[in-house]
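The lines below spell out each chain.
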Amino acid sequence: ALLRRLATTHARVYAVVSHNPSKTYAVSAEERATLLEAAVANEAWLRERVECVVVGGYVWRYALERRADFLFRGIRSWRDDGLAEKLLEALNIAGPLLLGPCRMPVPTRYLQADPRSAHISSSTVRRRIANSEPICDLVPACIHERVLAAYRH
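Notes on the structure follow.

What counts, and at which threshold
- Residues numbered from 1 in each chain as written.
- Predicted model: local features only at pLDDT ≥ 70, side-chain atom pairs only at ≥ 80, totals over all residues.
- Heavy atoms only, no water.
- Helix = DSSP H or I, 4+ residues; strand = E, 2+ residues; numbered from the N terminus.
- Rg over C-alpha atoms; globule rule 2.2 N^0.38 Å.
- Buried < 20%, exposed > 50% of the residue type's maximum accessible area, 1.4 Å probe, protein only.
- Contact = heavy atoms within 4.5 Å.
- Areas by Shrake-Rupley, 256 points an atom, 1.4 Å probe, with all protein chains shown as cover.
- Lys, Arg positive; Asp, Glu negative; His and termini not counted.
- Charge placed at Lys NZ, Arg CZ, Asp CG, Glu CD.
- Core = buried A, V, L, I, M, F, W, Y, C linked by side-chain atoms within 4.5 Å.
- Expected span 1.5 Å × (residues − 1).
- Phe/Tyr/Trp six-rings, centres within 6.5 Å; stacked < 30°, edge-to-face > 60°.
- Lys NZ or Arg CZ within 6 Å of the ring centre and 35° of its normal.

Overview of the overall build of the chain
- Scanning the chain from N- to C-terminus turns up seven helices and four strands.
- Rg of the C-alpha trace for the chain: 16 Å, near the compact-globule value of 15 Å for 153 residues, within the 12% margin.
- In the chain, which comprises 153 residues, the proportion classed as buried is 34%.
- For the chain, restricting intrachain contacts to residue pairs at least 6 apart in sequence, the fraction spanning at least 24 positions comes to 63%.
- Carbon and sulfur atoms make up 54% of the accessible area of the chain, which amounts to about 9700 Å² in all.
- Averaged over its 22 positive side-chain charges, the chain has a centre that lies 3 Å from the centre of its 16 negative ones.

Here's the deal with the nonpolar core
- The biggest cluster of nonpolar side chains holds 13 residues, and the ones touching the most others in it are Val125, Ile129, Ile135, Leu138, Val139, Ile143 and Val147.
- Looking at this core, the elements that each hand over two or more residues are helix H2 (29–41), helix H6 (122–130) and helix H7 (144–151).
- Those residues in contact with Ile135 that lie beyond four places of it in its chain are Val125, Arg128, Ile129, His144, Val147 and Leu148.
- Grouped together as the second largest cluster of nonpolar side chains are nine residues, Leu6, Ala7, Val40 and Leu111 included.

Concerning the environment of Pro134
- If you trace the backbone, Pro134 turns up in the loop between H6 and H7.
- Residue Pro134 is classed as exposed on the basis of its relative accessible area of 54%.
- With ten residues separating them along the chain, Pro134 and His144 place their C-alpha atoms 9.9 Å apart.

Concerning unusual backbone geometry
- Each neighbour pair has its own omega, and for Gly100 with Pro101 the value is 0°, a cis peptide bond.
- Looking at where Pro101 falls in the secondary structure, it is placed in the loop between helix H5 (78–98) and strand E4 (108–112).
- Residues other than glycine seldom take positive phi values, yet Arg67 does so here, at roughly 55°.
- Take Arg67: it is sitting in the loop between helix H4 (59–65) and strand E3 (71–75).
- Non-glycine residue Ser132 carries a positive phi angle of around 55°.
- As for its position among the elements, Ser132 is in the loop between H6 and H7.

As for the side chain of Thr124
- Position of Thr124 relative to the elements: it lies in helix H6.
- With near-sequence residues (within four places) excluded, Thr124 lies in contact with His119 and Leu138.

Quick word on H2
- The end-to-end C-alpha distance of H2, which contains 13 residues, comes to 18 Å, matching closely the 18 Å that a straight helix rising 1.5 Å per residue would cover.
- Listing the buried residues of H2 in full gives Ala29, Ala33, Leu35, Ala38, Ala39 and Val40.
- Structurally, H2 contributes buried residues whose contacts are with helix H1 (2–9), strand E1 (13–19), helix H3 (44–49), strand E2 (50–56) and H7.

Focus on the packing of aromatic side chains
- Scanning all chains against the criterion turns up four aromatic pairs.
- Here the aromatic rings of Tyr14 and Tyr62 are separated by 5.9 Å at their centres, their planes lie at 85°, and the arrangement is edge-to-face. With Tyr14 in strand E1 and Tyr62 in helix H4, this residue pair connects regions lying 48 residues apart in the sequence.
- For Tyr14, a relative accessible area of 31% corresponds to the partly exposed category.
- Judged by relative accessible area, which is 12%, Tyr62 ranks as buried.
- Over the ring of Tyr14 we find Arg12, and its NZ or CZ is 6.0 Å from the ring centre.
- Its end group placed over the ring of Tyr25, Arg32 keeps NZ or CZ at 4.4 Å from the ring centre.

If you want it as structure tokens, here you go:
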């Protein structure tokens, strides 16, 4: 839903799957990007505007390289995600100024999820899969089986 909203108002949207080399993920960034690409590819108009990319390291550097106007972050709610997102925003502001290249940071904007889907999180998907519970109400039908396969390892 968030990518659809952005694609209606922006000519090009980079859907970034970030990868922190110091973290361990249940599913690799490449596989998560492949799942995202499959969901995007399911809608022709979206496929033309959205590019899915894996970024290791600082997302703000990628945004500067691409001359992005904004970094958009999807949040479920300010209560659930606000503090963590504001900390990331602070890093995105300080990074270019302190670590270089010394440029004005790319501003961060937030898109709040529709309240009807605010309960959806990657943790919820992983928990349901681990408990053999259905996820059809959490992920697009076009990638449902691929998500199950990826997270059942």
